[in-house]
Amino acid sequence: MSENYEMRAIAPEVLKRLRIADDAGNPPRVVVEDEEGGNPMRCCLGRSRPHETIVLVSYAPLRRWAQETGATPGPYDEVGPVFIHPEECDGWTGPGIAEGIPGELRVLRAYSAEGNILRGRLLNNGEPTIEEGLAELYADPQVAVVHVRAVEFGCFLAETRRV
């Protein structure tokens, strides 16, 4: 955990519901990984293991945050694919940046407490680092939450919240 934010995986109670029906109203798709594994898991913020069975679901990260906080994301409410374990796992215990988050191309999206997007920050080959990018965004007192996403597919990777 940083001084002013914490990284969060998808909450266990939300995962329980997503394993039945995802945020698009669909049942989860079971995926058996290839020999290498390595897909980003949103339940524990790790990576899938070789030949591990994982589940693909649609997830609306800003909508879920808004339900907890009373924000109104309006047009920023996105639904996208994420991988989770089909059964309860150990989850993310922090602190710091989870092992499944860093990568060559990442984008940070900063949102206000009202649910409006404030700005974004591209991370290219570790420049700046995720920690540096988050520190830069959270220096703005209007930033309440920052999402980390993969650039290549636009996939949601993790949420960070101001503490």
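Calculation criteria
- Per-chain numbering applies: the sequence of each chain, read as written, is numbered from 1 onward.
- Thresholds applied to this predicted model are a pLDDT of at least 70 for local features of residues and 80 or more for the giving and counting of side-chain atom pairs; totals over whole chains, interfaces and linings are not thresholded and use all residues.
- Values shown for side chains rest on all heavy atoms present in the structure; no hydrogens or waters enter the calculation.
- Under the scheme used here, helices are H or I runs from DSSP no shorter than 4 residues and strands are E runs no shorter than 2 residues, and both carry numbers assigned from the N terminus.
- Whether two residues are in contact is decided by their heavy atoms: any pair within 4.5 Å suffices.
- Think of it in three bands: residues with accessible area under 20% of the maximum for their type are buried, residues over 50% are exposed, and the middle band is partly exposed, with areas taken using a 1.4 Å probe on protein chains only.
- The arc in question is formed by the directions pointing from the helix axis toward the C-beta atoms.
- Classification of ring pairs rests on two measures: the distance between centres of Phe, Tyr or Trp rings, Trp counted by its six-membered ring, which must be within 6.5 Å, and the angle between planes, read as stacked under 30 degrees, edge-to-face over 60 and tilted in between.

Undergrad: Could you give an account of the environment of Thr72, with specific residues and numbers?
TA: Turning to its location among the elements, Thr72 is positioned in the loop between helix H2 (61–69) and strand S4 (80–84). Separated by 44 residues in sequence, Thr72 and Asn116 place their C-alpha atoms 7.9 Å apart. With sequence-adjacent residues up to four places away left out, Thr72 is seen in contact with Glu114 and Gly115.

Undergrad: How would you sum up helix H3 (residues 130–138)? Please name residues and give values.
TA: Among the residues of H3, Ile130, Gly133, Leu134, Leu137 and Tyr138 are the ones counted as buried. Taken down its axis, H3 places every buried residue within 125° of arc, on the same side. On its buried face, H3 sits against strand S1 (5–8), strand S5 (105–112), strand S6 (117–124), strand S7 (143–150) and strand S8 (156–162).

Undergrad: I'd like a description of unusual backbone geometry, backed by residues and values.
TA: Residue Pro95 is reached from Gly94 by a cis peptide bond, and omega for that bond is 0°. Structurally, the position occupied by Pro95 is in the loop between S4 and S5. In this model, Glu127 is joined to Pro128 through a cis peptide bond whose omega is -10°. Structurally, the position occupied by Pro128 is in the loop between S6 and H3. Of note, the phi angle at Leu45 is positive, near 60°, even though the residue is not glycine. Checked against the element boundaries, Leu45 lands in the loop between strand S2 (29–32) and strand S3 (53–59). Leu45 gets classed as buried once you look at its relative accessible area, which sits at 1%. Of note in this structure, Asn125 is not a glycine but carries a positive phi near 55°.

Undergrad: Go over the packing of aromatic side chains with me, naming the residues and quoting the values.
TA: Within this structure, the stated rule accounts for two aromatic pairs. Ring geometry for Tyr5 against Tyr138: centres 5.2 Å apart, planes inclined by 10°, an arrangement best described as stacked. You can see Tyr5 sitting in strand S1 and its partner Tyr138 sitting in helix H3, a full 133 residues away along the chain. Taking relative accessible area as the criterion, Tyr5 reaches 6% and is therefore assigned buried.

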